[in-house]
Amino acid sequence: MTQAPVDTTTDSSAAQTTPDGSTDILDVARAQVLDRGEPLDRDQVLEVLRLPDERLTELLQIAHDVRMRWCGPEVEVEGIISLKTGGCPEDCHFCSQSGLFASPVRSAWIDIPSLVEAAKQTAKTGATEFCIVAAVRGPDKRLLSQVAAGIEAIRNEVDIQIACSLGMLTQEQVDQLRDMGVHRYNHNLETARSHFPNVVTTHTWEERWDTLRMVRDAGMEVCCGGILGMGESLEQRAEFAADLAALEPDEVPLNFLNPRPGTPFGDLDVLPASEALKAVAAFRLALPRTILRFAGGREITLGDLGAKQGILGGINAVIVGNYLTTLGRPAEDDLDLLDDLSMPIKALNDSI
């Protein structure tokens with residue numbers, strides 16, 4: 001359902017110039033994104049990312065105004081569950097589920113009753129999305145059979161939209177998932193195309209893009225985001241925002257690197273909170289009408305105060321509870337925060 005724009009228009013048609021004669025990027029954002037709904041391009045996003053910290057409050061306010069005008073106040077809540085954990089053959093350098101690293105997560109499957117119970121608990125939070133995730137390069141027949149059985153069992157007992165994240169797909173697999181009734185498919189590009197070879201070597205950025213294109217063409221919603229803080233430059237962060245804008249996904253989950261011991265990125269520093277919040281706002285200005293979701297790593301990167309700033313700086317969706325291999329905030333904390341901010345949870349009938 002398309003959200004009617006909420007009128008928060010200000011008289012910002014004329015961008016202001018700075019003392020050196022250049023145009024101020026936040027005035028450009030007000031006129032271009034807030035008033036006209038036109039996203040910032042790659043170079044403009046880079047200007048936003050380069051803003052000094054003392055302008056962060058102003059930036060977050062503009063991003064919030066854009067979110068309110070073009071998306072509305074509702075927040076989409078989602079829970080995720082790992083159907084198949086660990087033992088992945090890929091070498092994504094951030095991920096402890098890879099079977100190639102020194103400290104991989106133990107390989108395990110959950111059974112169908114546990115999957116249904118997880119969906120029930122997710123629905124009790126008010127969530128409208130439940131995402132079934134598997135640590136694989138792509139699904140084999142066994143996994144797809146398990147997913148089909150799980151979806152059928154969930155639908156018999158829980159009223160919730162079902163999403164999947166099962167790696168790279170063939171056209172036949174895309175069609176199978178669509179026919180199972182999968183509402184949305186998640187497959188992250190993870191980072192900018194130019195930085196991707198520094199993050200993954202066992203498959204290419206283009207392979208991921210091909211899966212996303214097939215998902216979109218099949219009529220499923222596209223969920224595609226990535227992880228910030230994996231050693232990318234500000235220029236590459238802006239490139240990534242432009243990549244996503246070109247894809248036009250329905251949802252963009254923003255993760256922040258939570259360095260996992262034993263992985264190639266295990267010793268990287270956590271992204272500074274101010275840098276993370278600038279990225280949240282910049283991605284909102286590049287994707288004014290997209291569901292922008294807080295995902296993994298926000299707890300260690302932003303903490304409680306930063307979570308509030310992010311939701312007041314462009315975010316309009318959250319994953320509640322734990323993630324795949326790391327702990328998240330208690331669902332009640334996120335729901336209480338949304339209540340304190342008077343931001344209603346999107347109803348199921350508004351998500352269809």
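The structure contained in this document is the topic of the report that follows. (Residues numbered from 1 in each chain as written. Predicted model: local features only at pLDDT ≥ 70, side-chain atom pairs only at ≥ 80, totals over all residues. Heavy atoms only, no water.)

**Observations regarding the overall build of the chain**
Moving on, step 1. Each helix and strand counted, the chain has 11 helices and 10 strands in total.
Moving on, step 2. Pairs at least 24 apart in sequence give 75% of the contacts found in the chain among residues at least 6 apart.
Moving on, step 3. Summed over its atoms, the accessible surface of the chain is roughly 14400 Å², and 49% of this surface lies on carbon and sulfur atoms. (Helix = DSSP H or I, 4+ residues; strand = E, 2+ residues; numbered from the N terminus. Contact = heavy atoms within 4.5 Å. Areas by Shrake-Rupley, 256 points an atom, 1.4 Å probe, with all protein chains shown as cover.)

**Quick notes on the nonpolar core**
Moving on, step 1. Judged by nonpolar contacts, the single largest core of 100 residues is most densely connected at Ile154 and Leu177.
Moving on, step 2. Top element by residues in this core is helix H9 (residues 273-286). It accounts for 9 residues.
Moving on, step 3. In this view, Leu177 contacts Leu144, Val147, Leu166, Leu169, Val182, Tyr185 and Met220; residues no more than four positions away in its chain are not counted.
Moving on, step 4. Counting residues in each nonpolar core, the second largest holds 6 residues, with Ile80, Val133, Ala295 and Ile319 among its members. (Core = buried A, V, L, I, M, F, W, Y, C linked by side-chain atoms within 4.5 Å. Buried < 20%, exposed > 50% of the residue type's maximum accessible area, 1.4 Å probe, protein only.)

**What about the pattern of salt bridges?**
Close approach of charged atoms lets side chains of opposite charge pair.
Moving on, step 1. If you walk through the whole model with that rule in mind, you get 27 salt bridges.
Moving on, step 2. Linking Asp175 and Arg178 is a salt bridge whose minimum nitrogen-to-oxygen distance equals 3.5 Å. Of this pair, Asp175 and Arg178 are both found in helix H6 (residues 171-180), 3 residues apart, which corresponds to roughly one turn of the helix.
Moving on, step 3. According to the relative accessible area criterion, Asp175 is partly exposed, its value standing at 25%.
Moving on, step 4. Assessed through its relative accessible area of 35%, Arg178 is described here as partly exposed.
Moving on, step 5. Among the salt bridges present, the one from Asp250 reaches Arg216, with a minimum N-O distance of 3.5 Å. You can see Asp250 sitting in the loop between helix H8 (234-247) and strand E8 (251-256) and its partner Arg216 sitting in helix H7 (residues 205-218), a full 34 residues away along the chain. (Salt bridge = Lys/Arg side-chain N within 4 Å of Asp/Glu carboxyl O.)

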